[in-house]
Amino acid sequence: MGDAHKRLALIGAGPMGLAAAKLLVEHGIDFQGFELNSGVGGLWDIDAPRSTMYETAHLISSKKMTEFSDFPMRNEVAEYPSHREMKRYFQEFAEHFDLIKHYHFGAEVLSCSPLGGPDEGWRITWRNDAGEHIEEFSGLLIANGTLSEPNMPTFEGDFSGELVHSSEYRSASQFDGKRVLIIGAGNSGCDIAVDAIHHGTACDLSMRRGYYFVPKYVFGKPADTMGGAIKLPMPLKRIIDGTILKWFVGDPQKYGFPKPDYKLYESHPVVNSLVLYHAGHGDLRIRPDVDRFEGKTVHFKDGTSEDYDMILAATGYKLDYPFIDNALLNWQGDAPQLYLNCMHPERDDLFVLGMVEASGLGWQGRHEQAEMVVRYIKGLRENGDDARALQQTKAQGFTRATGGVEYIDVPRMAYYVDKATYRKAVTQWIGKLGGQRA
């Protein structure tokens, strides 16, 4: 990696980029940050160029399970904070750790190309209001987020009404006076459907598969704070959690929701009670998968049809690193194949941060990922034995830290991990690299 004065490039000032920046500063590693937006916060800043936030968006995990452990959210922040509270939180985090000065803001990274073979550094082309710039760096850390490039499916036929992706959705007033169809019932789809119920003249929800629904509160406490005291094997955890869900959620199938064709935790659950409430009250109709469009008519795969003024596709996002060749990221299938979702098997000058998802991982789990990477970089520079051991381990081939859970085969689950398995592996390496294990 060369001498300790070589600079790294860090792309992104969202929560993951800020965690990495904080750790790089703490460990005395020189870097330059780049952020397209005029400030920090990533997609949580609704006014950012690539934000996919909407006015009614809130965290689906509680603040205690999501916050950085060394920077708790203020007491007056709600249990499930809004996107505005989250933007303020990341702004305060950046100010507290004095990170702003390390970034170029309004800076779009255009391309990243290797200067030679592995570990010979990178040439980065970027632009801002002053024009285009080219700089060389000894390493590259990519933390530009996972939820900005829309995954828009193709549909047979043409829809003559308004067809948008959820990334274009900002305010419920977009539904005023319209017959609305939401396609996709993940967390955003269900959130947005509740908005549409209150503003549109009618709202239907088209689902390809069933979901497990989790209430935000169980016994008066945030649902995600209830477990964790006792580590249970997954089969037993499924039985216990499934029983609790039956108590608090009941049977979504009686409202027309399809039955999941997979086990609990093999896909991300939907943390939303309101969509069940409205389906039970007849405010929301559940529809099967779409077959084709014909004018304003949508034909469904069960042979039924309905007319709509607006269709919103809440069909998720795909990983997108537009400034670097996918082959350089060891891309396989729907995602880069990286050790513990962040480390290239052959390069020690390239890391992808934040390409990890797990129920309950929170910002702290991502902070741990960044700490492992930063300690590894520092360990290599100091020629440490444990850094060399990690270097050899990541080069030997690896599997995702799924903990034996067989996640459903869809793009959004391609970088999903089991929280306990993942955190155990990461914190073990942190410990070996000289840090405190969780």
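Refer to the structure presented above.
How each quantity is defined
- Residues numbered from 1 in each chain as written.
- Predicted model: local features only at pLDDT ≥ 70, side-chain atom pairs only at ≥ 80, totals over all residues.
- Heavy atoms only, no water.
- Salt bridge = Lys/Arg side-chain N within 4 Å of Asp/Glu carboxyl O.
- Helix = DSSP H or I, 4+ residues; strand = E, 2+ residues; numbered from the N terminus.
- Buried < 20%, exposed > 50% of the residue type's maximum accessible area, 1.4 Å probe, protein only.
- Pairing = 2+ DSSP bridges.
- Axes fitted to C-alpha atoms, helices over the stretch in contact; angles between N-to-C directions.
- Contact = heavy atoms within 4.5 Å.
- Polar contact = N/O pair within 3.5 Å; in protein donor to acceptor, adjacent residues only side chain to side chain.
- Core = buried A, V, L, I, M, F, W, Y, C linked by side-chain atoms within 4.5 Å.

*Asks:* Before we move on, can you summarise the pattern of salt bridges with the specific residues and values?
*Replies:* Summed over the entire model, instances satisfying the criterion amount to 32 salt bridges. Between R285 and D204 there is a salt bridge, with its nearest N and O atoms 3.1 Å apart. Placement of the pair is R285 in strand β16 (residues 285-287) and D204 in strand β11 (residues 202-206), with a sequence separation of 81 residues. Judged by relative accessible area, which is 40%, R285 ranks as partly exposed. What emerges from the salt-bridge pattern is a single network uniting R74, E76, E85, R88 and E92.

*Asks:* Any details on the sheet that holds strand β3 (residues 103-105)? Residues and values, ideally.
*Replies:* Reading across from one edge, β3-β2-β1-β7-β24 is the order of the five strands in this open sheet, with parallel pairing throughout. The two strands at the open ends of the sheet, each matched to only one other strand, are β3 and β24 (350-352). With strand direction ignored, the average angle separating the axes of adjacent strands in the sheet is 15°. On top of the sheet, helix α1 (residues 15-26) reaches β1 (8-11), β2 (31-35) and β3; it is set at about 155° to β1, its chief contact. Set on the sheet, helix α7 (residues 362-381) makes contact with β1, β7 (139-142) and β24; between it and β24 the angle comes to about 170°.

*Asks:* An account of the environment of D45 is needed here, citing residue identities and associated values.
*Replies:* Along the polypeptide, D45 turns up in the loop between β2 and α2 (63-66). Sequence separation of D45 and E306 is 261 residues, and the distance between their C-alpha atoms is 36 Å. Setting aside anything within four residues of it in sequence, one finds D45 in contact with N37, V40, S51 and K87. Among the polar contacts made by the side chain of D45, one reaches the side chain of N37 at a distance of 2.9 Å.

*Asks:* Go over the sheet that holds β16 with me, naming the residues and quoting the values.
*Replies:* Taken together, the five strands give an open sheet; going across it, the order is β9-β20-β10-β11-β16, and neighbouring strands pair in parallel fashion. Among the strands making up the open sheet, the edge pair consists of β9 (162-165) and β16. Neighbour-to-neighbour, the strand axes of the sheet open up by a mean angle of 20°, direction not taken into account. Its contacts with the sheet put helix α4 (residues 187-199) on β10 (179-183), β11 and β20 (310-313), and the angle it makes with β11 is roughly 165°.

*Asks:* Summarise the nonpolar core; cite the residues concerned and give the values.
*Replies:* Core analysis: the largest hydrophobic core is formed by 104 residues, its most contacted members being I182 and L205. For this core, the element with the most residues is α7, which contributes eight residues. In contact with L205, not counting residues within four places along its chain, are L181, I182, G184, A185, G189, C190, F257, V275, L284, R285, I286 and R287. By size, the runner-up hydrophobic cluster in this structure holds 23 residues, among which are A9, V109, W126 and L140.

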